[in-house]
Amino acid sequence: MHAAALLPELGPRVTTSLLERRFYAGDLAYVPPAVLRRVADPLPDAVARPASVEEVVAVVRHAAAAGTPVVPRGGGSTAYGNAVPVRRGIVLDLNGLDAVGPVAADGATVWVGAGATWWELGRALGRRGLALGSYPSSARAATVGGWFAMGGLGIGSLAHGPLVDRVRAVEVVLPDGEIRRLDRETDPPLGWFAGSEGTLGVVTRVELAVRRKPAAESHLLVGAEEVGSLVSVAAAVAERLAGTVFHLHLNDGPYNRMLARLGAEGGAAGPTLAVDLEGEAGELARAEEVVGRVAAAEGGSLLAGERAWAEWRERFHALRVKRLHPALLGAELLLPLETLADYLARCGRLAAAHGLALASYGHVVARDRVLVMTLFPTDERAPLRYLLDASLLEKLYSLGLRAGGAPYAIGLWNTPYLERAFAPPALAERRARKRRLDPRGIMNPGKSYRAPWLLHPLWFGPGMGAARALRRLVGAREGSR
Amino acid sequence: MSRPRDPWAFQGLEEEARICARCGSCRGICPTHAQVGWESSSPRARVLLARELAGGAGAGKVPPEAVRRALECTLCGGCREACPAGIDTRTFLLTLRERLRERGLDPEAYRLLAANLAARGNVSPFDNRLRADWVEELEDPAAIAGAGEPAEVGYFVGCVSSFYPAVSDIPLGVAALIGRMGKRVAILGEEELCCGFPLLLAGRPDEARGLMGRNLERVARLGVRTLVTGCPSCYHTWTHDYPAAAGGPLPARVVHFTEYLLECLRAGALDLGEAEPLEETVTYHDPCDLGRNSGLYEAPRELLRALPGVRFVEMERCREEALCCGGGGNLQSLDPELTRGIAAERVAEARATGATVLTSACQQCVQVLAEAARRTKAPLRVVDLAVLWAERFE
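All values reported here derive from a predicted model rather than from experimental measurement.

(A) Geometry of the sheet that holds strand 5 (residues 100-103) of chain A. All names here are of chain A. Overall, antiparallel pairing links the five strands, which are arranged 5-6-10-8-9 in an open sheet. Of all the strands in the sheet, the pair left with one neighbour each is strand 5 and strand 9 (179-182). Each strand axis lies, on average, 20° off the axis of its neighbour in the sheet, ignoring direction. As paired strands, strand 8 (residues 167-173) and strand 9 are joined by four bridges and run antiparallel to one another. Looking at the pairing, valine 172 lines up with arginine 180 of strand 9.

Written out as structure tokens, the structure is:
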């Protein structure tokens, strides 16, 4: 039905092939089919790959007329089900909308297609002597529109703010098929779409502020015995070297020990803080001295320069630890920097209590906030074990919420935390925007605003607690054999 | 199963498929995905497909479309470069092709290629006895050592430039340059067989090793210390697969011709003062089997910079990020239109540099890119680096 209706406009760029649709029914996360079936119906009815905003409009208007869900998809590089259909419908593969340019005459902004990856955009800008203000660590996979829809916190956010701060305007196809150019003065403003996870409309182009390439860069690595010391270093560096520090990235001890097993040079057993600086050469030299002094004052020390540069070069390769653990589960949280050490300490106790190998790394995305990923290995070949292990994610998110943090993204799988992550007025506002822009509920429905019944917070928490108890029982019995 | 000590070593098809994070980092650099566009044509999807295709259900239950997508790959190595989990996608995909062959799922095009190789010993439709016909075009045939005559270097020509007229100037250029340096070169002539790489690509390693064994014996009889080849795929196969087939050291040091020419240049074997300046803007296409897959980026560039009159410009995507020409991985036999699409994109990138000459160091790349330049009417001369050099001394 959908392919036939869309054929005149999209031609070969719409498909109902089962082989193809299966690839659009999942993202990064492995979810046992028996569980997934009870929460979602992810196999889309059709997949469309528009080559222009007009083709996006054609799909959205058709979907609106048919009352069919539309699910925008970029790189499919998240693990929360953001780009996975919950109620079938049409997946909009936006990777064809990847044009870069034009760059404004003053070189201050660039229009870029939502389907361009941050990697390609960065390279295209580099050839013109320009640079991004920030980008995700998944830059090779994540699209401009996708990261905008996910909140846009990552590498460079400390220096340049969240992505939305650098977006001047967006071109959006609303759920009724209207094309709008939105900025901060329009109604709705572009800010509504930042972090909306593709549920308010389809972002097709972004006008992004860019900057001149920095004159030079420098990369340092601070080691210490305790995370708390590194948090203090991070806070001090972020304040004293504002304007020079581009990024701060922290690995805890367990994560660094994983890297050492992978052959990371001079593998440190303890936590480290990577300090990434930009500026003129003289400025950098002074900044390096400041970092050294601050580190020493907190009981830390600067590690070998080559290791610091290696850490910088590997900034897109956080998932290299998958070579040690083919199946990983993880919780991604936005935490206050001041509670990070406490959160990690609690993670350590959780790890000991449950026989887990928890490892964490984080990007300092503001002077007072850090985006943390906490991982642990599991085995997706053993579905029961995998599900029991997954119950620990709820515990991690609870620890993060208790530390004053929130899940970085909601999607489908983090809907149980909605009412804890958002204050009631903020949640009400979020839902009101959705009702206003998408009254028929066709734009990526079934996630981000309310939990499906199986994930309802009323029984989700207790259910996960029971699963954790069962996990300890099963683990104890296995240990006693 | 205990894990190997080296965590980066290839751990088998099933284990590597589990290691895949499904992150999608591999999609942006994939030349076939750029053309086809669907998720099913991405390296990420090929890994997911491998889980199904490599075992389990009988051949009748596997849709042909799935096999096709799994094989729509030039083995350019771009995805391996991009993979944060360090999956050796080249080994992964070659292993997958073996499994498909074992299950009887290999395509007709591969079976025909294998049958042709078994019959002729080369990838062309021509008799292998015609392999050395290019020698007759040499201005100075004395550069080629006769059977049993001593020679400083051996030259493994490769099937494509031996049999396909579009690139038959490559062995002429190589032999002419070696001769100009006062050296004699030994060739296998009609005794040379395909290096075996197309059979590895078709999932037939045993048959490939048969060819390798025969080539090893014949090269050993040449008695040369250095074996040069102008074909990066032959070079990669000789340096990465032949040692296992030999079960010991190779009978000669194997180098790509660009490495060899640079060595000779540094040793003063060629007088650049005798070279006619080129006076052109030249860009260089990194062959995947020489660049990404063998790590050789500098020698061709040094040779280009050394040529008088050359204004050298890089393409947007070069070195580790170079876009494939589309000619590798047996893709041309499976889907010639897809190869043409990839090649056209690469030619467009060359044009965007403002270059009037596109050079490379691979017979297959040159052939495929030259055809794309003709079809797209690009004002671009596509020529092998050996030929470009040889012309300077004519």
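The structure having been displayed, the exposition proceeds.
(B) A look at the packing of helix 4 (residues 64-71) of chain B against helix 6 (residues 89-102) of chain B. All names here are of chain B. At a closest axis distance of 10 Å, the pairing of helix 4 and helix 6 adopts a crossing angle of 150°. Where helix 4 crosses over helix 6, the two elements pack in a sense that is left-handed. Between helix 4 and helix 6, the residues in contact are Val67, Ala70 and Leu71 and Leu93, Leu96, Arg97 and Leu100, respectively. Broken down by class, the residue content of the contact of helix 4 with helix 6 amounts to six nonpolar, no polar and one charged.

(C) Structural detail: the pattern of salt bridges. Residues and elements named next belong to chain B. Within the structure shown, the criterion is met by 58 salt bridges over all chains. Close ionic contact of glutamate 349 with arginine 346 constitutes a salt bridge, the shortest N to O distance being 2.8 Å. Placement of both glutamate 349 and arginine 346 in helix 17 (residues 336-352) is noted, with a separation of three residues, approximately one turn of the helix. Residue classification places arginine 346 among the buried residues on the basis of a relative accessible area of 0%. Salt-bridge contacts for arginine 375 lead to glutamate 371; the nearest nitrogen and oxygen are separated by 3.4 Å. Of this pair, arginine 375 and glutamate 371 both sit in helix 18 (residues 363-375), separated by four residues, roughly a single helical turn. Under the relative-accessibility criterion, arginine 375 is labelled partly exposed at 38%. A relative accessible area of 28% means that glutamate 371 is categorised as partly exposed.

(D) Local environment of the sheet that holds strand 4 (residues 253-256) of chain B. Residues and elements named next belong to chain B. With respect to topology, four strands assemble into an open sheet ordered 2-1-3-4, the strand pairing being parallel. Each edge of the sheet is formed by a strand with only one pairing partner; in this case those strands are strand 2 (185-187) and strand 4. When strand polarity is set aside, the average angle formed by the axes of neighbouring strands in this sheet is 35°. As judged from the four bridges shared by strand 1 (residues 153-156) and strand 3 (residues 226-229), these two strands associate in the parallel manner. Its bridge partner being in strand 3, tyrosine 155 is matched across the sheet by valine 228. This element, helix 12 (residues 232-240), spans strand 1, strand 3 and strand 4 of the sheet and lies at about 155° to strand 4. Lying over the sheet, helix 14 (residues 257-266) contacts strand 1, strand 3 and strand 4, oriented at roughly 95° with respect to strand 4.

(E) A look at the nonpolar core. Membership of the largest hydrophobic core comes to 135 residues, with the highest contact counts inside it found for B:Leu53, B:Trp134, B:Tyr155, B:Phe257, B:Tyr260 and B:Trp389. With seven residues, helix 18 of chain B is the largest single contributor of residues to this core. Other than its neighbours up to four places away in sequence, B:Phe257 contacts B:Val174, B:Leu177, B:Ile178, B:Val228, B:Thr229, B:Gly230 and B:Ala386. Grouped together as the second largest cluster of nonpolar side chains are 63 residues, A:Ala40, A:Val291, A:Phe376 and A:Leu401 included.

(F) Examining the pairing of strand 7 (residues 357-360) of chain B more closely. All names here are of chain B. Residues Val357 and Thr359 line one face of strand 7 and the alternating positions Leu358 and Ser360 line the opposite face, and both faces are buried. Where strand 5 (residues 280-285) lies against strand 7, four bridges are found, and the strand directions are parallel. If you follow valine 282 over to strand 7, its bridge partner there is valine 357. Strand direction decides the pairing type here: strand 7 and strand 8 (residues 381-384), joined by four bridges, are parallel. When the bridges of strand 8 are listed, valine 357 appears paired with arginine 381.

Reading the values: rules and limits
- Residues numbered from 1 in each chain as written.
- Chains lettered and ligands numbered in written order.
- Predicted model: local features only at pLDDT ≥ 70, side-chain atom pairs only at ≥ 80, totals over all residues.
- Heavy atoms only, no water.
- Pairing = 2+ DSSP bridges.
- Helix = DSSP H or I, 4+ residues; strand = E, 2+ residues; numbered from the N terminus.
- Axes fitted to C-alpha atoms, helices over the stretch in contact; angles between N-to-C directions.
- Left-handed = near helix turned anticlockwise from the far one by under 90°.
- Contact = heavy atoms within 4.5 Å.
- Nonpolar A, V, L, I, M, F, W, Y, C, P; charged D, E, K, R; others polar.
- Salt bridge = Lys/Arg side-chain N within 4 Å of Asp/Glu carboxyl O.
- Buried < 20%, exposed > 50% of the residue type's maximum accessible area, 1.4 Å probe, protein only.
- Core = buried A, V, L, I, M, F, W, Y, C linked by side-chain atoms within 4.5 Å.

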